[in-house]
Amino acid sequence: MRKLMDRRAYTLVTLVAALALFAGACGGDDEPAATTAAPTTTAAPTTTAAPTTTAAPTTTAAAPATTEAEMTEPMDEEPMGPTELDVAMIMLGTKEEGWYATFIDSVHRVADEAPYGLTITLEQIEEISYADGERVIRDLAQTGEYEIIVGHSTYSDAVAAVKDDFPDILFAFSGSGNEPTGGNGYWIDVFIHEPAYLAGIIAGAMTQTNHISGVAAFPFPNVNGPLHAFIDGARFVATQLGKGEITFDVAYIESWFDPATAQEAAAAQIAAGSDMIYAERFGPFSAIEEADGVFGFGHFTDQLGLSPVVLTSAVARWDAAFMDLVDAWYAYTTEGVAYDAPMERIVYTSMVDGGSSLGEISDLVPADVQDGVAQAEAAILGGLLRVELKTDPIE
Amino acid sequence: MADQVTDRAPSDPQPPDGDRRRDPLSMLFQPGAWRIEKRLVVRPWHEFVTLVAALVAAVAIIAGLVLVIGKSPADSFAALYNGAFGTRESTLETLVQATPLILTGLAAAIAFRAGIWNIGGEGQFFAGVMGTWFVYDLWGGLPAPLLFVLMFISAAVAGAAWASVASGLLVRYGTNEILTTVMLNFVILYILSYLLAGPWQSPDTFYYQTQRMADTTYLPRFFSVSRLHWGFAIALLAALVVYWLIRRTTLGYEIRGIGSNVVASRYKGIRVGTVTLATMAISGALAGIAGFGELLGLHHRVQLDIAEGIGFTGIIIALVARLHPLGVIVAAILFGALVNGSTAMQYETGIPKALVFVIEGTTLALVLIAAIVSRYRIRKTG
């Protein structure tokens, strides 16, 4: 491997220039997918000072007209907006799974920043099936304790059935398979194809067999996006290094959480000659650990600490998405700005938008490869490289 | 009569009297002093007392678990109760949750009555969902009443047909129906997965789901404040029909007959194969109708997770109800309450949902133990 790294050193120096050329090939102003839209922010106040208006729709009684006496009285202090924001989140799986864990982390990061001076709390409800979503979301709404309720998966049917009965609550749902509801039902999503592309560069540079793989759940857009980018990154760098054709296969295990099947799929791929495996689901790392010279890549959360064979991870960040929800709720609550969710999903695709990032890179990745990745990352962040988002199933 | 039969002299040797006097505990278990013996007649109050004891024990064990994880049992049970029955809406929602469980519980109960271990309620439920969608996909434009009838029949036939695969193999080749019904659950799930990824897939998405059905196909709801739909009435009616079938018809007699003693039944002239096929067809049809109700009453589109373990929970319900069709209604409502109340318990007390499965399992185990215990008694004979 060391010999290969030496040979590769000078070629990676030219990576940035090549990436710039590639950017021309892949670039343009194409929308990432037909169903996506550029990240949008609602008409939220951008200042963090508490607004002076008090016509909060959540108050049951209309604010009395301001009398002359009141107008002449000196104001001791600024009228206060809400100080607390209680968020409830329901999940299809458990909070340890990447899709949910990243959202929880994002909420906590936003809460730490205390936007608008808010104290944000998060209630997490696990293992709610799609079919049960309406009941649980309605239950949560009826408690009157939550201002934002997030069904963090394919819960648009549930939200559509409930949202009109609770017009003061902001509802959100995420990921593929949803349908837009408009009004107070927001459809948010992140795609992590850009960091997956960077992970693919590592895979393409380090593969010895020129055969790389992915173990994934279902052939859905959120799943396919990073897989396509992973292979694109690998193939690009392999071409630059003169390593020839990279072959790729993917195993869809037809489950969101089935580590045993994922492990078996990875073992089969290793037996077939694969030495770089993108683990879109939990499970492959244990199979990879048992093989020599095979490495894995984490998905959605930074999984470097999970196993010594992990080289890096494509990490999702929902901070911007959640902050936009907070903005929309705050604007509605303090200024009466009506909820007006777009009739399409709000996608936070790019590393620039903060929708994704590359996780920590293992020391097993040679320094020159790490340099190449850093240059490619800078090219993405600088707008020189645009990674195409492909969401169609991989044949 | 029971006393006459069981009041036999102990055959085990007696320990020395000195030992018995020294150790009261060993005295209790002295074969000559106390014995566990089977009742020949199990009266209803025997079952009732052991059932209550089992439920009390279940509550105690669950309370202990809640204490172990640092929560208040009283708060937890209060949250569970309020979530299930605290308001009119929550009570009605409990009935919504109970609706498919009644039907899959009946499906398991009637098969188990015949001694046929149909573990395929989940797959037959899916068959019913698919049968319903199949008709809608082909003839969705038909007038609503006709469409409803066709979808209902299709769901029942699909469920019956899927169950008949296992019963056909059982009758023809003696294949173990436990294995075949379990495995057919997976087979139909993958068939559905294929259909949802292909011919039935909504054209708007790569997701594994159909388009949403037209609102003219929704089952009517009883109240504006609740999702309780006509499927609940169908389930109650089904329970009465199954009760009548088992208690009042020749087929019911034959079902009970082969369930009690298949060899004796065969000598008596009962066509065991025919009864087996008929029983499994009825069982599958009931599970299929559950799929019809859930699709048209609640979900309105086919997805892979539409069953939520409804078929498997039906087995537990049937066993808890001691295979009694009307008992199934009570057990299903209790389990529906557990499902409904568990969410409130989760967000009000922070108890993980995994504990709900522990509650279900503990309750099932103790109720089954109670069923056995009720058939025995401890008697001092020394």
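Residues numbered from 1 in each chain as written. Chains lettered and ligands numbered in written order. Predicted model: local features only at pLDDT ≥ 70, side-chain atom pairs only at ≥ 80, totals over all residues. Heavy atoms only, no water.

## Re the packing of helix α7 (residues 121–139) of chain B against helix α14 (residues 310–320) of chain B
Residue and element names in this part refer to chain B.
1) Next: α14 packs onto α7 with a crossing angle of 130° between their chain directions and a minimal axis gap of 6 Å. Accordingly, the angle class assigned to the pair α7 and α14 is oblique. In terms of crossing hand, the pair formed by α7 and α14 is right-handed. Taken together, the residues of α14 that come into contact with α7 (itself represented by Gly121, Glu122 and Phe125) are Ile310, Gly311 and Phe312.
2) Next: Residues belonging to the contact of α7 with α14 are distributed by class as follows: three nonpolar, two polar and one charged. (Axes fitted to C-alpha atoms, helices over the stretch in contact; angles between N-to-C directions. Helix = DSSP H or I, 4+ residues; strand = E, 2+ residues; numbered from the N terminus. Parallel < 35°, antiparallel > 145°, perpendicular 65-115°, else oblique. Left-handed = near helix turned anticlockwise from the far one by under 90°. Contact = heavy atoms within 4.5 Å. Nonpolar A, V, L, I, M, F, W, Y, C, P; charged D, E, K, R; others polar.)

## Topic: the side chain of A:Ser174
Residue and element names in this part refer to chain A.
1) Next: Relative to the elements of secondary structure, serine 174 occurs in strand β4 (residues 170–174).
2) Next: For serine 174, the side chain forms a polar contact with the side chain of histidine 152, separated by 2.8 Å.
3) Next: Filtering out sequence-adjacent residues up to four positions away, serine 174 remains in contact with Trp99, Gly151, His152, Ser153, Thr154, Trp187, Ile188 and Trp318. (Polar contact = N/O pair within 3.5 Å; in protein donor to acceptor, adjacent residues only side chain to side chain.)

## Brief notes about the interface of chain B and chain A
1) Next: Of the residues lining the interface, 28 residues belong to chain B; the matching set on chain A comes to 33 residues.
2) Next: When the two sides are added together, the surface that chain B and chain A hide from each other amounts to roughly 2700 Å², 49% of it contributed by carbon and sulfur.
3) Next: Remark: the boundary between chain B and chain A carries four salt bridges.
4) Next: A salt bridge links A:Glu179 to B:Arg301, with the nearest nitrogen and oxygen atoms 3.3 Å apart.
5) Next: Between the two partners, chain B and chain A, sit 12 residue pairs in polar contact (both at pLDDT 80 or more).
6) Next: Elements with a minimum of two residues in the side of chain B that touches chain A: α6 (88–113), α9 (177–197) and α15 (325–349) of chain B.
7) Next: Of all the elements, α15(B) adds the most residues to the side of chain B that touches chain A, at five residues.
8) Next: Taken together, the residues that form the side of chain B that touches chain A break down as nine nonpolar, nine polar and 10 charged. (Buried area = accessible area lost by both parts, 1.4 Å probe. Salt bridge = Lys/Arg side-chain N within 4 Å of Asp/Glu carboxyl O.)

## Some thoughts on the environment of A:Phe230
Residue and element names in this part refer to chain A.
1) Next: Positionally, phenylalanine 230 belongs in helix α8 (residues 221–241).
2) Next: The spatial distance from the C-alpha of phenylalanine 230 to the C-alpha of phenylalanine 300 is 13 Å, given a sequence separation of 70 residues.
3) Next: Beyond its immediate chain neighbours, meaning those up to four positions away, phenylalanine 230 contacts Ala196, Tyr197, Ala199, Gly200, Ala203, Ile212, Ser213, Phe248, Tyr278 and Phe297.

## Things to note about the packing of aromatic side chains
Each pair of aromatic rings is reported with the distance of its centres and the angle of its planes.
1) Next: By the definition in use, this model includes 26 aromatic pairs over all chains.
2) Next: Aromatic pair A:Tyr116 and A:Tyr330: ring centres 3.8 Å apart, planes at 5°, arrangement stacked. Linking A:Tyr116 in the loop between α4 (98–113) and β2 (119–125) with A:Tyr330 in helix α11 (residues 319–335), this pair joins segments that are 214 residues apart in sequence.
3) Next: A:Tyr116 sits in the buried class, given a relative accessible area of 10%.
4) Next: Consider the rings of A:Tyr186 and A:Tyr339, whose centres lie 6.4 Å apart with planes at 85°: the pair is edge-to-face. Separated by 153 residues along the polypeptide, A:Tyr186 in strand β5 (residues 185–190) and A:Tyr339 in the loop between α11 and β11 (346–348) bring together distant segments of the chain. As far as the burial class goes, A:Tyr186 and A:Tyr339 line up, both buried.
5) Next: Pairwise contacts between aromatic rings join A:Tyr130, A:Tyr155, A:Phe218, A:Phe220, A:Trp256, B:Tyr207 and B:Tyr208 into one cluster. (Phe/Tyr/Trp six-rings, centres within 6.5 Å; stacked < 30°, edge-to-face > 60°. Buried < 20%, exposed > 50% of the residue type's maximum accessible area, 1.4 Å probe, protein only.)

## Considerations on a nonpolar patch on the surface
Residue and element names in this part refer to chain B.
1) Next: Taken together, the side chains of Trp34, Ile36, Ile372, Tyr376 and Ile378 present a nonpolar region at the surface, about 520 Å² in accessible area.
2) Next: Mapped by element, the contributors of at least two residues to the nonpolar patch are β1 (34–38) and β2 (376–380).
3) Next: Within the secondary structure, tryptophan 34 sits in strand β1. (Patch = residues over 30% accessible without salt bridge, like charges linked within 9 Å, V, L, I, M, F, W, Y side chains within 5 Å. Areas by Shrake-Rupley, 256 points an atom, 1.4 Å probe, with all protein chains shown as cover.)

## Let's talk about the sheet that holds strand β3 (residues 148–151) of chain A
Residue and element names in this part refer to chain A.
1) Next: A sheet is described by the order of its strands in space; here six strands give the open sequence β2-β1-β3-β4-β5-β11, paired in parallel fashion. The open sheet has two edge strands with one neighbour each: β2 and β11. Adjacent strand axes in the sheet meet at a mean angle of 25° when their direction is disregarded.
2) Next: Two elements, β5 and β11, share three bridges in a ladder whose sense is parallel. Across the sheet, the residue bridging to valine 190 is tyrosine 348, located in β11. (Pairing = 2+ DSSP bridges.)

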